[in-house]
Amino acid sequence: MAELRHSTAAAAARASNSPVKRDSAASAASSPFASTSAARGRDDDDDDGKDAHRSSPLLPQHHHHKQLLPSPLRSLLALENPRAPTASLSYRILLAVLALLLFAALFSAPSLWSRFNAPYLCQKEGITLHCPQTKEPLSLWENPRAATTSWKPCAERRSDEPSGKSFVSHYIFDVDHFINYLKDDVRIIRDIPDWFTEKDELFTSIKRTVKNIPKYASAQFYIDNVLPRIKEKTIMSIKPFVDRLGYDNVPMEINRLRCRVNYHALKFLSDIEEMSDKLATKMRNRTGNGNPYMALHLRYEKGMVGLSFCDFAGTREEKAMMAAYRQKEWPRRYKNGSHLWPLALQKRKEGRCPLEPGEIAVILRAMGYPRETQIYVASGQVYGGKNRMAPLRNMFPNLVTKEELASAAEMEHFRKHVTSLAALDFLVCLKSDVFVQTHGGNFAKLIIGARRYSGRHRLKSIKPDKGLMSRSLGDPYLGWASFAEDVVISHQARAGLP
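All values derive from a computational prediction rather than experimental measurement.

Reading the values: the criteria
- Residues numbered from 1 in each chain as written.
- Predicted model: local features only at pLDDT ≥ 70, side-chain atom pairs only at ≥ 80, totals over all residues.
- Heavy atoms only, no water.
- Salt bridge = Lys/Arg side-chain N within 4 Å of Asp/Glu carboxyl O.
- Helix = DSSP H or I, 4+ residues; strand = E, 2+ residues; numbered from the N terminus.
- Core = buried A, V, L, I, M, F, W, Y, C linked by side-chain atoms within 4.5 Å.
- Buried < 20%, exposed > 50% of the residue type's maximum accessible area, 1.4 Å probe, protein only.
- Pairing = 2+ DSSP bridges.
- Phe/Tyr/Trp six-rings, centres within 6.5 Å; stacked < 30°, edge-to-face > 60°.
- Expected span 1.5 Å × (residues − 1).
- Contact = heavy atoms within 4.5 Å.

Caption draft 1: Quick look at the pattern of salt bridges. Tallying each qualifying case throughout the model produces 15 salt bridges. The partner of R284 in a salt bridge is D433, with the nearest N and O atoms 2.6 Å apart. Taken together, the positions of R284 in helix 11 (residues 270-284) and D433 in the loop between helix 20 (418-430) and strand 10 (434-437) put the pair 149 residues apart, joining distant regions of the chain. Salt bridges linked by common partners bring D185, E253 and R260 together as one network.

Structure (structure tokens):
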């Protein structure tokens, strides 16, 4: 046994003295991991060794990063004893925060999912547009500027001796009321005197016409250029006459007279008034509960599309026919047609193009008007017919015209003059709860002004921002939620204005 123990000790000594063993021992002694394990071994026996180990510069960098972690995270990652008092409290706080974040994520998940999966503006299938449903806000039928006061009345009359004579059309206006109301301001006659033998040439002869009057001309312009010709020829026609007199640097009495003419002297014939009341009543009682209705002035006739020189959605045949129509009606503006495409793009960006029926339908839906909205369309023959109106009618099926509200027998009397049909549209739009225009013009200006002057300031009027719409509708990456938000924000300052 003594010999066996001796041989074993000798073998161990030889192994420890071998070059391989000495190299591995030296490398283990110089390794930082070896010092770490050694320090961990001494940690159970000596606290001083533990402190020396924590402050040793030979520790690896990732160990210092772990020390920088919060106590609850170290406990959660098993880097610190969770039974310690500080770790237990931090651990509970961490669990409470995580539970709160999880609850918030579950609460907002449906709205985020619907927003991320919301379709782009509208999906088109043939001539049909499919747009997302929107919630109807309470302010859709209210004027945001309803608290403002209406205009001061201008019904006071003059007592000065009137001068000059004029006559008015009797197709749509009550001539007797017009003459009697303005008898103290202007001498008005019903017909051209018999002694005037050039009646047929009054509106066609250059000798009897004052032309080329600039728009919104000053009162002095009429005194210097128009009045001498009237004194010379006695009877003259002035055309165009609309918007020819400006508002600035005009005597107050002239503006007051203009106000009295527009809102007091001009009165529609009784049959037009009665028919318009009947149409407005039918609009409110279509569902049997006195619902509000919207009046949409849709300016998309062939003449308007051609005169605008704007591009529009259509086939090659339609565009070729429109180009030929423009060349025939406006040859000076058309020229050779090479400059029209850049001009059309520029006009659309600047908001100077009439909105198409599909475009105004998308805008109204984005504003929040539901599919069930009652809409009265005031328009002539829409260019493109039923196919052009299909997107608007698809999104708002409760859309009617005066021809659909009234029978053919009721409308027969008014078809004799186009102005009578326009007068019906004017009065129905005037009585609507919301009036929407798709393009500028005197029709919309007169309606908004009359509603404002007559004290109907609670009735809402909307003027779409066509420039913003052209940019938004041309963005293929703009989602419906973002588009609807842009529409609502941009039209907060464009609703209810006179």
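Caption draft 2: Structural context of the nonpolar core. Membership of the largest hydrophobic core comes to 36 residues, with the highest contact counts inside it found for L364, Y369, I375, L392, F396, V436 and F483. Mapped by element, the contributors of at least two residues to this core are strand 7 (294-297), helix 16 (357-367), strand 8 (375-378), helix 17 (385-395), strand 10, helix 22 (466-473) and helix 23 (480-490). Ranked by residues supplied to this core, first place goes to helix 16 with seven residues. Counting 31 residues, the second largest nonpolar core, distinct from the first, contains I172, F173, A378 and I448.

Caption draft 3: View of the sheet that holds strand 7. Strand order in this open sheet of five strands is 9-8-7-10-11, and the pairing throughout is parallel. Where the open sheet ends on each side, the last strands, each with one partner, are strand 9 (399-400) and strand 11 (460-462). Across four bridges, strand 7 lies against strand 8 in parallel orientation. If you follow H297 over to strand 8, its bridge partner there is A378.

Caption draft 4: Highlighting unusual backbone geometry. Of note, the phi angle at T234 is positive, near 75 degrees, even though the residue is not glycine. Among the structural elements, T234 can be located in the loop between helix 9 (219-233) and strand 6 (237-238). Not every positive phi belongs to a glycine, and F309 is a case in point at roughly 55 degrees. With respect to the helices and strands, the residue F309 is situated in the loop between helix 12 (302-308) and helix 13 (316-329). Given the relative accessible area of 1%, F309 is considered buried.

Caption draft 5: Region of interest: the packing of aromatic side chains. As enumerated under the stated definition, the model contains nine aromatic pairs in all. Ring centres of Y325 and W330 lie 5.7 Å apart, and the angle between their planes is 85 degrees; this geometry places the pair in the edge-to-face category. Relative to F443, the ring of F426 lies with its centre 5.8 Å away and its plane at 90 degrees, an arrangement referred to as edge-to-face. Within this pair, whereas F426 is found in helix 20, its partner F443 is found in helix 21 (residues 442-453), the two being separated by 17 residues in sequence.

Caption draft 6: Expanded view of helix 10 (residues 252-265). Here helix 10 contains 14 residues, and its C-alpha end-to-end distance of 18 Å stays within 8% of the 20 Å for a straight helix at 1.5 Å per residue. Along helix 10, the positions that sit buried rather than exposed are N255, L257, R258, C259, R260, V261 and A265. The elements touched by buried residues of helix 10 are helix 8 (175-181) and helix 21.

No statement about biological role is implied by the geometric values presented.
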